[in-house]
Amino acid sequence: MSALLLDGRLVAAELLTSLQKDVADLDPKLVVVQVGEDPASSSYIRQKIKSCDAVKMRHQHLHLPEETNLDDLMTIINDLNNDDDVTGFIVQLPLPKHLNEFVPQIIRQIDPKKDVDGFSAYNIGKMFLSTEFEHLPPATPSGVITLLEHYDIPFEGKNVTVVGHSNTVGKPLTTMFLNRNATVTTCNVYTKDLAHHTKDADILCVAVGKPNLITADMVKDGVVVVDIGITKTENGLCGDVDFEAVKEKAYAISPVPGGVGPMTVASLIRNCVRAKKRQLELS
Ligand code: GUN
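Think of each chain on its own: its residues are numbered from 1, step by step along the sequence as written. Note on the predicted model: pLDDT of at least 70 is required for a residue's local features to be given, and 80 or more for side-chain atom pairs to be given and counted; whole-chain, interface and lining totals, by contrast, use all residues. Think of the side-chain values as coming from all heavy atoms in the structure, minus any hydrogens and water.

### Some thoughts on the overall build of the protein chain
Turning to step 1, where the next piece is worked out: The way it works is that DSSP assigns letters per residue, a run of H or I at least four long becomes a helix, a run of E at least two long becomes a strand, and they are numbered from the N terminus. What the protein chain contains, in helices and strands, is 11 helices and 11 strands.
Turning to step 2, where the next piece is worked out: Between the two quantities, the radius of gyration covers C-alpha atoms and the globule rule is 2.2 Å times the number of residues to the power 0.38. Since a compact globule built from 283 residues should have a radius of gyration of about 19 Å, the 19 Å found for the protein chain is in line with a globular shape.
Turning to step 3, where the next piece is worked out: With the C-alpha coordinates aligned to their principal axes, the bounding extent of the protein chain is approximately 55 × 40 × 35 Å.
Turning to step 4, where the next piece is worked out: The cut-offs for exposure are 20% and 50% of the maximum accessible area for each residue type, with area from a 1.4 Å probe on protein chains only; residues under the lower value are buried, those over the upper are exposed, and the others partly exposed. The buried share among the 283 residues of the protein chain stands at 51%.
Turning to step 5, where the next piece is worked out: For the protein chain, the share of sequence-separated contacts (at least 6 apart) that also reach a separation of at least 24 residues comes to 73%.
Turning to step 6, where the next piece is worked out: Exposure was quantified through the Shrake-Rupley algorithm and a 1.4 Å probe, taking into account, for residues, occlusion by the shown protein chains and nothing else. As displayed, the protein chain has an accessible area near 13400 Å², and 52% of this comes from carbon and sulfur atoms.
Turning to step 7, where the next piece is worked out: Neither His nor the chain termini are counted; the positive set is Lys and Arg, and the negative set is Asp and Glu. By convention, the charge on Lys lies at NZ, on Arg at CZ, on Asp at CG and on Glu at CD. Here the protein chain contributes 28 positive and 37 negative side-chain charges, whose respective centroids are spaced 2 Å apart. Any two residues having at least one pair of non-hydrogen atoms within 4.5 Å are treated as being in contact.

Structural data, given as structure tokens:
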């Protein structure tokens, strides 16, 4: 048996099309702050800008030199917070080494109303309450949920295993599944018997960044697999799942590339539209 492909390119394109009218009516603007020259960041930013162009949304790429110091970055964040023309902005991660230890402070400085990455304590914390409070959720978990919903994958009462417990993906994704009445197990590098938990999953989401971490013997027949990992190898981009083998057992599986990646970008644009709507309500 070969699995249903969870086609992130297709679903993201549909999501972007559905946002076009709101973008035209509301005219939001996204600013992407990049410090330094991390090649992966440059590639992600190109994809974000391409999707902004696809929906004709205004955008600005603020590309700062590698040696930008914390004070200068904080001043730029304050300026963006105070600029009424800017709907939302993100500080692309990772930052250069000398700024890395300040990431929590930097994220805290971003006005939650403009935090379209959904990384701030306010936006993350609100998600704990219920789906109604997932106003600006982090883009990757939000994209995973939208991808699964598009293919009518049910959540209620299902066993979901999330592998990876990062603040930007694993933890918020766990919360979003709990909000949808799934039974969720979150695994991390300290988990004693990973295969025990992955075999139990009706829906398995993996966000680790280790190619082939999940092999066919670690999943049950009929599982739905969402591969959120992305690693650059000499053979191109690789997810965390042995796609060729696991697709023979799965009911549905997302590829890398072309799965969660495009959904993340489309979710970011959706957050810009949501942020603009809320700002207009408040003004
Ligand atoms: N680096 C990799 N993914 C992301 C993302 O979604 N947002 C930000 N700000 N940085 C990232």
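Okay, back to it.
### Examining empty space enclosed by the protein
Turning to step 1, where the next piece is worked out: For cavity detection a 1 Å grid was placed over the protein atoms alone, and a set of points counts as a cavity when a 1.4 Å probe fits there but cannot get out; an open set counts as a pocket when protein lies on both sides within 12 Å along at least five of seven lines, with lining residues being those that have an atom within 4 Å of a point. Grid points are joined across faces, edges and corners, and a volume is the space filled by probe spheres set on the points. Summed over all chains, the structure comprises one cavity of 30 Å³ or more.
Turning to step 2, where the next piece is worked out: Empty space within the largest cavity amounts to approximately 40 Å³.
Turning to step 3, where the next piece is worked out: Lining of the largest cavity is provided by Phe89, Ile90, Val91, Ile107, Ile110, Asp115, Asp117 and Phe119.
Turning to step 4, where the next piece is worked out: In terms of residue count, strand S4 (residues 88-91) provides more of the lining of the largest cavity than any other element does, three residues in total.
Turning to step 5, where the next piece is worked out: When the residues that make up the lining of the largest cavity are grouped by side-chain class, the tally is six nonpolar, no polar and two charged. Any residue that is not Ala, Val, Leu, Ile, Met, Phe, Trp, Tyr, Cys, Pro, Asp, Glu, Lys or Arg is counted as polar, Gly included; the first ten are nonpolar and the last four charged.

Geometry only, nothing functional implied.
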